[in-house]
Amino acid sequence: MSHSITLRHIYLARQAIAPYVRRTPLVRSPLLSQRAGAEVYLKLETAQETGAFKLRGAANKLLRLSDAERARGVVTVSTGNHGRAVAYMGRLLGVRVVVCAPALVLAHKIKAMRDLGAEVIAAGASQDEAECRALALAQEQGLTLVSPFDDPDIIAGQGVIGLELLEELPQIDTAVVPLSGGGLLGGIGLALKAADPAVRVVGASMARGPVMVESLRAGRPLQLPEEPTLADSLMGGIGLDNRYTFDLVRQVLDDAVLLSEEEIGSAMRYALREEHLVVEGGGAVGLGAVLHGKAQLGRCVAVVVSGGNADMARLLELAS
Ligand SMILES: *Cc1c(COP(=O)(O)O)cnc(C)c1O
């Protein structure tokens, strides 16, 4: 593989983040197993303290900063869950955290970041504009820019999920993983394919603006207009100057599934009613891919349920 991230990097991440990050439950879903005609397990990243897997990468990244970098602080761009994870770790480690939030970030996610002590700046209409702002702040104030996905330390942190899956479910033949910038799928795919290249890695995205999937089709990173979606945590580009995740995802992704807003909504509703889980739209796309029979599955499937920070009013509306 041409990228610079190795399985060792993921093991090192696991050792570093173990005191800060939960090993999340892996539970069998009888109902989805029946529907899919396969053994289907759910990896519940909703159980992380910040409500999403992003704590893994953020913990690894902040722990690997030098003392001088920690003293100066960090800046990041986020649709909410990454910013919250960085803010959480920043508070634990005494690191100043500035988050540049694009206009579409939900109010309850901004509140969660502020409650953890982050300085949240409204920074432009799109993820790309917010990124420019973050870059400028990094240069002006000597802050370290922490990418939500395009960083080997972030990717390795998310990849720890792959190690946990292999240990608890060594017979796994398919992983269904929500896909946006590709840190999550890239890290998990790297770990699973290192164990056995035959394990299928299926990405799930929303049909409204699936930047990574369109970029892979085009053979280069693209920029797409942002549209509001129930999967708000999957919004945003992959960066026209993407360094790691585009190549990594290209290497480990076997199939990509796109979900309509209706399908995402029904996956959230299914999660709540049948699995008794609060799952946000971006966290539910893997569930949706299985629920709606959109993914080609093997016999032993792990679905990553990546986050639970749903807008409650919205979720209850969907569920009624
Ligand atoms: C960020 C996020 C994703 C996508 O992760 P990437 O590494 O950007 O592909 C999926 N689900 C949730 C809940 C997220 O917060």
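The paragraphs below set out a description of the structure included in this document. (Residues numbered from 1 in each chain as written. Predicted model: local features only at pLDDT ≥ 70, side-chain atom pairs only at ≥ 80, totals over all residues. Heavy atoms only, no water.)

Quick look at the side chain of Asp 151
For step 1, the next point in the chain: Tracing the backbone through its elements, the reader meets Asp 151 in the loop between strand S6 (144-146) and helix H8 (152-168).
For step 2, the next point in the chain: Under the relative-accessibility criterion, Asp 151 is labelled buried at 9%.
For step 3, the next point in the chain: A polar contact of 2.7 Å, which involves the side chain of Asp 151, links it to the side chain of Lys 61.
For step 4, the next point in the chain: If sequence neighbours within four positions are ignored, Asp 151 has contacts with Lys 61 and Tyr 244. (Helix = DSSP H or I, 4+ residues; strand = E, 2+ residues; numbered from the N terminus. Buried < 20%, exposed > 50% of the residue type's maximum accessible area, 1.4 Å probe, protein only. Polar contact = N/O pair within 3.5 Å; in protein donor to acceptor, adjacent residues only side chain to side chain. Contact = heavy atoms within 4.5 Å.)

Digging into the site of the ligand
For step 1, the next point in the chain: What surrounds the ligand is a group of 16 residues, the closest being Lys 54, Asn 81, Ser 180, Gly 182 and Ser 306.
For step 2, the next point in the chain: Contact distances for the ligand include 2.9 Å between an oxygen atom and a backbone N or O atom of Gly 181.
For step 3, the next point in the chain: Ser 306 places a side-chain nitrogen or oxygen 2.6 Å from a nitrogen atom of the ligand.
For step 4, the next point in the chain: Coverage of the ligand by the protein chains reaches 98% of its 380 Å² of free accessible surface.
For step 5, the next point in the chain: Looking at the shell around the ligand residue by residue, the class counts come to 5 nonpolar, 9 polar and 2 charged. (Near = heavy atom within 4 Å. Areas by Shrake-Rupley, 256 points an atom, 1.4 Å probe, with all protein chains shown as cover. Nonpolar A, V, L, I, M, F, W, Y, C, P; charged D, E, K, R; others polar.)

Structural notes on a nonpolar patch on the surface
For step 1, the next point in the chain: Taken together, Val 278, Met 312 and Leu 316 make up a surface patch of nonpolar side chains, about 260 Å² in accessible area.
For step 2, the next point in the chain: If you trace the backbone, Leu 316 turns up in helix H14 (residues 312-319). (Patch = residues over 30% accessible without salt bridge, like charges linked within 9 Å, V, L, I, M, F, W, Y side chains within 5 Å. Salt bridge = Lys/Arg side-chain N within 4 Å of Asp/Glu carboxyl O.)

A closer look at the packing of helix H12 (residues 261-274) against helix H13 (residues 281-291)
For step 1, the next point in the chain: Where H12 meets H13, the axes come as close as 8 Å, and the angle between the chain directions of the two elements is 90 degrees. Compared by their axis directions, H12 and H13 come out roughly perpendicular. Residues Ile 264, Ser 266, Ala 267, Met 268, Tyr 270 and Ala 271 of H12 lie in contact with H13, whose contacting residues are Gly 281, Ala 284, Val 285, Leu 287, Gly 288 and Leu 291.
For step 2, the next point in the chain: Looking at side-chain class alone, the contact of H12 with H13 contains 9 nonpolar, 3 polar and no charged residues. (Axes fitted to C-alpha atoms, helices over the stretch in contact; angles between N-to-C directions. Parallel < 35°, antiparallel > 145°, perpendicular 65-115°, else oblique.)

Structural measurements only, silent on function.
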